[in-house]
Amino acid sequence: MNKSNIINKSLTYLFFVTNITLLSNFFLVSDYTFFFQSKTLIYLIVITFMIPSIQYYFFNKRDLYLPIGEIILIFFLLAYIAIFFYNVDYIQKSYTWMLNDFSISQKKTFFSLLDKDFLYLKYFYLSCISFYIGFVLVSKINIINGFFSNKVEKYYNFSEKDLFFIGSFFLIIKLINFIFPEINNYKFINNFKSITFLFYISCFWTFFLINKKNYLKKIFIILTFFLCFFVDIIETGSQIGITLMFVLMVLIYWLIKKKIFFLGIFLIFFSFYFFQDIKIEYRTSLNNIREDLRKPFFKISNYTNNIYRNLELIKKNELKNKNDVSNVRLTISSYGYYKLIDLNKNNQLILKNGETYQNLFLFIIPRFLWKNKPVSSYGIEFGLVTQITEKEAPTSINVSWISEAFWNFGYLFFIPMIIKGIFVGLISIAVNYRNNSIISIAWLTSAIHLLIPESNFSLMSISFIYQLIFLIIFLTIYKLIFKK
């Protein structure tokens, strides 16, 4: 047995040992013990759910399936465990906007998360392991492996030139959307803005990595990346598109080069932390301008001014996460989830009983045929239920998959988490990723949103289906016109 196999088996044994330890602790005791205090359990949970990603990367699993499940586990750790690595005073400073409106009892509940978190860690761990069990069960079904790509890949046998041409086409669409914002009033165009941007990135980045010549085209690609980086932020005032752009680049680099794209990982964090503050400044100033006056060149000028303003603050050492947006974004899921657990423990939580999942079965019915079709977004209601926002000024709070499962079924949360794992497993294994396979690229681009599961499950799943269908229709038309 070689060294690689020994390490791989050792990690597998470690995964079983940590899980047995955590399960024994959570089911045999009802609070912390002498040996298993808060930090010990936190570190055990982090180690447990980092192991699948380490094994995927180092031990030749790249050709078996896409690592969507492993990356989602990392996201869960960031979204629900990061809060325990912050200083209490720092957390209090970040949530001043919320705590100022809290009663004394509400403030006690908020801060009790940081020292009375046993049930929180228990249910979080069980949610993650339930999700991973569903994911692993599907990955063992060999008949599904590559099922979708094997059926249709030969029909879409595109070359590197096709990748560059298709990327250029979607780049033009992206720029047209920015220069002529009026066309985004059409619901169809607005619904597919995100996939248009990400598919252009995927095609160009794949061409850049697999093409060994054409240096002028490669320079052009990098220049367009810089251009669209700023265009996307200026256009929407949001960072989710940019975050997904960098995540997509890191993942494609991983799949093609078999290496970690460290620059891409740095850009993810740079975007997440530095541009959060600029985004807030930009959105605040933009909201003071009438919508009909928010023309593209005005937006560019306005955004540039905000960059200069923030750079001045950096020089004066006054920025230092001025708006605390990054801290809140990394920790707000924790409080929302803890609040659900606390409400349920005190018999105050009204369960949704699957309501947030109903659109998985109703999405095929157009809204114009059913005017009273149930909504698919629950962010405002979630903010009110968890008391993160007030009725007088409700704000939409993202309903992450773990919180959503508990909000719907309480202590039966593990059932929807297993089903979510199965769904992600099906998506991960249905396509065998190949470097220049347009189907692999389209599939990955459509699924990339799932890697940041901070919106309710039905909304993200339906989005994946719609976006994949959109790309397949486009590629079919392209095939019929240009590849006769």
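Residues numbered from 1 in each chain as written. Predicted model: local features only at pLDDT ≥ 70, side-chain atom pairs only at ≥ 80, totals over all residues. Heavy atoms only, no water.

Some points on a nonpolar patch on the surface
Then, in step 1: Together, Tyr-155, Phe-165, Ile-469, Ile-473, Ile-477, Leu-480, Ile-481 and Phe-482 give the surface a local cluster of nonpolar side chains, amounting to about 790 Å² of exposed area.
Then, in step 2: The element that contributes the greatest number of residues to the nonpolar patch is helix α22 (residues 457–482), accounting for six residues.
Then, in step 3: Take Phe-482: it is sitting in helix α22. (Patch = residues over 30% accessible without salt bridge, like charges linked within 9 Å, V, L, I, M, F, W, Y side chains within 5 Å. Areas by Shrake-Rupley, 256 points an atom, 1.4 Å probe, with all protein chains shown as cover. Salt bridge = Lys/Arg side-chain N within 4 Å of Asp/Glu carboxyl O. Helix = DSSP H or I, 4+ residues; strand = E, 2+ residues; numbered from the N terminus.)

Brief notes about the confidence of the model for the protein
Then, in step 1: In this model, the protein carries an average pLDDT of 81, and 83% of its residues clear a pLDDT of 70 or more.
Then, in step 2: Within the protein, the lowest mean pLDDT, 60, falls on helix α15 (residues 296–315), and the highest, 94, falls on helix α19 (residues 401–409). (pLDDT = per-residue confidence, 0-100.)

Let's talk about the packing of aromatic side chains
Then, in step 1: Overall, the coordinates contain 55 aromatic pairs when judged by the stated rule.
Then, in step 2: Ring geometry for Tyr-123 versus Phe-413: centroids 5.6 Å apart, planes at 70°, classification edge-to-face. With Tyr-123 in helix α7 (residues 118–139) and Phe-413 in the loop between α19 and α20 (414–429), this residue pair connects regions lying 290 residues apart in the sequence.
Then, in step 3: The class for Tyr-123 is buried, based on a relative accessible area of 10%.
Then, in step 4: Look at Phe-413 and you get buried, because its relative accessible area is 3%. (Phe/Tyr/Trp six-rings, centres within 6.5 Å; stacked < 30°, edge-to-face > 60°. Buried < 20%, exposed > 50% of the residue type's maximum accessible area, 1.4 Å probe, protein only.)

Focus on the side chain of Asn-408
Then, in step 1: With respect to the helices and strands, Asn-408 occurs in helix α19.
Then, in step 2: For Asn-408, the side chain forms a polar contact with the main-chain oxygen of Glu-404, separated by 2.8 Å.
Then, in step 3: Once you skip the residues sitting within four places of it in the chain, Asn-408 turns out to touch Leu-351, Lys-352, Asn-353, Gly-354, Glu-355, Thr-356 and Tyr-357. (Polar contact = N/O pair within 3.5 Å; in protein donor to acceptor, adjacent residues only side chain to side chain. Contact = heavy atoms within 4.5 Å.)

Focus on helix α13 (residues 240–257)
Then, in step 1: The end-to-end C-alpha separation of α13 is 25 Å, in line with the 26 Å expected for 18 residues at 1.5 Å each.
Then, in step 2: With 16 of 18 residues buried, α13 lies mostly within the body of the structure.
Then, in step 3: Positioned one or two residues after α13, Lys-258 has a phi angle of 60°, which is positive. (Expected span 1.5 Å × (residues − 1).)

As for helix α9 (residues 160–179)
Then, in step 1: For α9, which comprises 20 residues, the first-to-last C-alpha distance of 29 Å matches the rise-based estimate of 28 Å (1.5 Å per residue) to within 8%.
Then, in step 2: What α9 keeps buried is the set Asp-162, Leu-163, Phe-164, Ile-166, Gly-167, Ser-168, Phe-170, Leu-171, Lys-174, Asn-177 and Phe-178.

Structural notes on the environment of Phe-225
Then, in step 1: Structurally, Phe-225 is set in helix α12 (residues 215–236).
Then, in step 2: Overall, Phe-225 belongs to the buried group, its relative accessible area being 6%.
Then, in step 3: Between the C-alpha atoms of Phe-225 and Leu-171, which are 54 residues apart in sequence, the distance is 9.7 Å.
Then, in step 4: Among residues more than four places away in sequence, those in contact with Phe-225 are Tyr-200, Ile-201, Phe-204, Trp-205, Met-245 and Met-249.

Digging into the pattern of salt bridges
Then, in step 1: For the structure shown, the criterion picks out three salt bridges.
Then, in step 2: One salt bridge in this structure joins Lys-352 and Glu-355, with 3.3 Å as the shortest N-O distance.
Then, in step 3: Relative accessible area serves as the criterion here: at 10%, Lys-352 is assigned to the buried category.
Then, in step 4: A salt bridge links Lys-420 to Glu-404, with the nearest nitrogen and oxygen atoms 3.4 Å apart. Placement of Lys-420 in helix α20 and of Glu-404 in helix α19 is noted, with a sequence separation of 16 residues between them.

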